[in-house]
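Coordinates in review
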Amino acid sequence: MQRDERILPLVGASNFRDLGGYPTMDGGFTRWGTLFRSDTLHELTASDVEFLREIGLKTIIDLRMVAEVRKSGRGLFGSEAAVYHHLSVIDEDGGESRGLPAPTDGDLSNRYLWYLDIGSDALAEALRVLCDTRNHPLVFHCAAGKDRTGVLAALVLDIVGVDRRVIVEDYVLTATRMDLVLERVLRNAGEGRRRDDLPESALTVEAATMEGFLDRLDERWGGARQWALAAGVPFDSLNSLSVAMIDDGIP
């Protein structure tokens, strides 16, 4: 794999991306080959598994719900030595039993903020795992690699000081992969499911969504680092993540 290869050339995952090479506000860059984000991994081929074995992938964080994991499984990579953490962001009942139902206004940025409430424990634990450099290289993923994964990626990039504009660009990059992702989603959904059957929120990837989420994150908590501290992620762990992720050299 080339140092600057953003989207990994996998057959069974269309949105597997390296979070390296992003500029930080103090002049550094995020390291290549350390943290990755992805859509679901259950369709990885034998050659994909070999590729990830060669790059030394050590840890997987799966943000999908129990029902999603049960339906699709983990595929070939499930038998690899990589440590697996299942950290579902969304309750099986959509938060109803805890009085935290999903917003119904259709605004994805509000839904992303809801993830920080309903999935606080899961996202905080994901950050604790991410902050431990012994777990790198690491990938975190959900189903499409867009929403739950997009929120965790934004938290990580904000914590290590990546410029806000770049965080939005990283989110929007999923738009270039959505046709491939949706093709798999519809195939897995079973006979007769069509693109028109999916909610609009499943199809859209817009800069305004991530911009709105980051605005609300700042207004409510003062940024991702402050949210993480309030959620119980240790201060030293967050600093360790920054040290592990930031390279002062060229991108």
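Below you will find a few notes about this structure. (Residues numbered from 1 in each chain as written. Predicted model: local features only at pLDDT ≥ 70, side-chain atom pairs only at ≥ 80, totals over all residues. Heavy atoms only, no water.)

So, on to empty space enclosed by the protein. Enumeration over the complete set of coordinates arrives at one cavity of 30 Å³ or more. Computed from the structure, the largest cavity encloses a volume of approximately 70 Å³. Around the largest cavity, the lining residues are Thr40, Leu41, His42, Ile60, Asp62, Arg64, Gly73, Arg74, Phe77, Gly78, Tyr84 and His141. Residue classes in the lining of the largest cavity are distributed as four nonpolar, five polar and three charged. (1 Å grid on protein atoms, 1.4 Å probe; cavity = no way out; pocket = protein on both sides within 12 Å on 5 of 7 lines; lining within 4 Å. Points joined across faces, edges and corners; volume = space filled by probe spheres on them. Nonpolar A, V, L, I, M, F, W, Y, C, P; charged D, E, K, R; others polar.)

Looking now at the pairing of strand 4 (residues 59–62). Every second residue of strand 4 is oriented toward a common face, with Thr59 and Ile61 on one face and Ile60 and Asp62 on the other, all of them buried. Pairing between strand 4 and strand 6 (residues 138–141): four bridges, direction parallel. Along strand 6, the bridge assignment pairs Asp62 with His141. (Buried < 20%, exposed > 50% of the residue type's maximum accessible area, 1.4 Å probe, protein only. Helix = DSSP H or I, 4+ residues; strand = E, 2+ residues; numbered from the N terminus. Pairing = 2+ DSSP bridges.)

Inspection of every chain in the model, using the stated rule, returns 17 salt bridges. A salt bridge links Arg134 to Asp132, with the nearest nitrogen and oxygen atoms 2.7 Å apart. Among the charged side chains, a salt-bridge network with shared partners connects Arg17, Arg37 and Asp170. (Salt bridge = Lys/Arg side-chain N within 4 Å of Asp/Glu carboxyl O.)

On to the layout of surface pockets. Its boundaries defined by the atoms lining it, the second largest pocket holds a volume of some 180 Å³. Lining the second largest pocket are 14 residues, with Met25, Asp158, Asp218, Gly223 and Ala224 sitting closest to its centre. Elements with a minimum of two residues in the lining of the second largest pocket: helix 5 (148–159), helix 6 (164–172), helix 9 (207–221) and helix 10 (224–230). The leading source of residues in the lining of the second largest pocket is helix 9, at three residues.

Once that is clear, we can look at the nonpolar core. Ile61, Leu116, Leu127, Leu130, Leu152, Met210 and Phe213 are the most contacted members of the largest nonpolar core, which has 56 residues in total. Leave out the neighbours within four places in its chain, and Leu127 touches Leu152, Val156, Ile159, Trp227, Ala228 and Val233. Ranked by size, the runner-up nonpolar core spans 15 residues in total, among them Leu44, Phe51, Ala82 and Val139. (Core = buried A, V, L, I, M, F, W, Y, C linked by side-chain atoms within 4.5 Å. Contact = heavy atoms within 4.5 Å.)

Moving on to the environment of Val156. In this fold, Val156 is placed in helix 5. Taking the C-alpha atoms as reference points, Val156 and Thr204, separated by 48 residues in sequence, lie 22 Å from one another. Among all residues touching Val156, those that are not within four sequence positions of it are Leu35, Leu127, Leu130 and Leu241.

Let's shift gears to the side chain of Thr30. Within the secondary structure, Thr30 sits in strand 2 (residues 29–30). Separated by 2.7 Å, the side chain of Thr30 and the backbone oxygen of Leu19 make a polar contact. Among residues more than four places away in sequence, those in contact with Thr30 are Leu19, Gly20, Gly21, Tyr22, Leu157, Val160, Val162, Met245 and Ile246. (Polar contact = N/O pair within 3.5 Å; in protein donor to acceptor, adjacent residues only side chain to side chain.)

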